[in-house]
Amino acid sequence: MDEKQERRKFIGSLIIPLLIVALMWLTKLTEVCFGIDLGKWGLVPHTAKGLVGILTMPFLHGNWEHLLANTVPILVLGTALFYFYPSLAFRVLLITYLASGLFTWCLGSPASTHIGASAIVYGLNLFLIVSGFIRGNRSLIVISLIMVFLYGSFLWGMIPSLAIPQNISWEGHLAGALIGVLLAFIYRKEGPQKDEHHWDDDDDETDDDGSDSNGEKPYWDVPTPSNDDLTVVYRVKH
């Protein structure tokens, strides 16, 4: 793939993550411009009304800091997903979006309201990390290590005793992480696989008489010279 194709592929991989981020920012700007709070449409576990939050939760954020914290990961992880797993990206993203919300609805407390795209972030992150290692593909393993380096500290967000005091939805984080790992194993045989090396046998091809492509015979098939043809070389001691 040449440089032009690589650039085109990268730009194409960035489109969906940019659209998601645009909707996140548009939602927050709408709240600010019209002085309204859309947080009431967040996900409320174990309630019929809260089911709407499965669809709305990723686009609602408490403040600008919360929004910024999810913007960069969505762009980075989403672009990596569509770039390295183009045949799986839409399925993985859609299932992570819906299933992580549903799991959060099942795991959370009815007294809580969940908002933010963190569940999707955790899902995509774990999918990329686990997929890279179980596929044994060197390029994907590198991406996995980068994800661990960039977002390795996110693990604490799934621990209730650490997340609850910070008003963080550990249920959403855990739900997203579980979905990401599950999808990595379900789709492990689809998309890019383990690197395979193919040896070039062109130089080893021989003709019926044992000669190679240049018409030269192998060393074992060279006729033994007669005594008359031998040039004797003596090693002289000094």
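Structural notes, computed from the coordinates. Everything numeric in this text was worked out from a predicted model, so none of it was measured.

Conventions adopted
- Position numbers for residues start from 1 in each chain and track the written sequence from start to end.
- This being a predicted model, a pLDDT of at least 70 is required before a residue's local features are given, and a value of 80 or more before pairs of side-chain atoms are given or counted; all residues contribute to the totals for chains, interfaces and linings.
- Computation of side-chain values: all heavy atoms of the structure, hydrogens and water removed.
- The working definition used for a salt bridge is a side-chain nitrogen of Lys or Arg within 4 Å of a carboxyl oxygen of Asp or Glu.
- Numbering goes from the N terminus for both helices and strands, where a helix is a DSSP run of H or I of at least four residues and a strand is a run of E of at least two.
- The buried label applies to any residue whose accessible area, calculated with a 1.4 Å probe on protein chains only, is under 20% of its type's maximum; exposed applies above 50%, and partly exposed to all values in between.
- Two kinds of site are reported from a 1 Å grid over the protein atoms alone, namely cavities, where a 1.4 Å probe fits but cannot get out, and pockets, open sets with protein on both sides within 12 Å along at least five of seven lines, and residues are called lining when an atom falls within 4 Å of a point.
- Grid points are joined across faces, edges and corners, and a volume is the space filled by probe spheres set on the points.
- Lys, Arg, Asp and Glu make up the charged group, whereas Ala, Val, Leu, Ile, Met, Phe, Trp, Tyr, Cys and Pro make up the nonpolar group; the residues left over, Gly among them, are polar.
- Geometry of aromatic contacts follows a simple scheme: Phe, Tyr and Trp rings, the Trp one being its six-membered ring, pair when their centres are within 6.5 Å, and the pair is stacked under 30 degrees between planes, edge-to-face over 60, tilted otherwise.
- Think of it as a cone above the ring: NZ of Lys or CZ of Arg counts as a charge over the ring if it is within 6 Å of the ring centre and within 35 degrees of the ring normal.

Close approach of charged atoms lets side chains of opposite charge pair. Under the defined criterion, the tally for this structure stands at three salt bridges. Here E3 ties to R7 by a salt bridge, and the two come within 3.3 Å at their closest N and O atoms. Here the residue E3 and the residue R7 both occupy positions in helix α1 (residues 3–34), the gap between them amounting to four residues, near one helical turn. A residue is classified by how much of its surface remains accessible, and R7, at 46% relative accessible area, is partly exposed.

Each pocket or cavity is described by its volume, and for the largest pocket that value is around 850 Å³. Every residue lining the largest pocket is counted, 32 residues in all, and those nearest its centre are S118, N167, I168, S169 and H173. Secondary-structure elements contributing two or more residues to the lining of the largest pocket are α3 (64–84), α5 (118–135), α6 (138–151) and α8 (170–186). Of the residues that constitute the lining of the largest pocket, the class distribution is 14 nonpolar, 16 polar and two charged.

One pass over the structure, following the stated rule, counts five aromatic pairs. A ring pair is formed by W25 and W64, whose centres lie 5.5 Å apart and whose planes are at 45°; its orientation type is tilted. Placement of the pair is W25 in helix α1 and W64 in helix α3, with a sequence separation of 39 residues. Of the residues examined, W25 reaches a relative accessible area of 27% and is grouped as partly exposed. Relative to F84, the ring of Y83 lies with its centre 4.9 Å away and its plane at 70°, an arrangement referred to as edge-to-face. Its guanidinium or amino end placed over the ring of Y83, K9 lies 4.4 Å from that ring's centre, counting from NZ or CZ.

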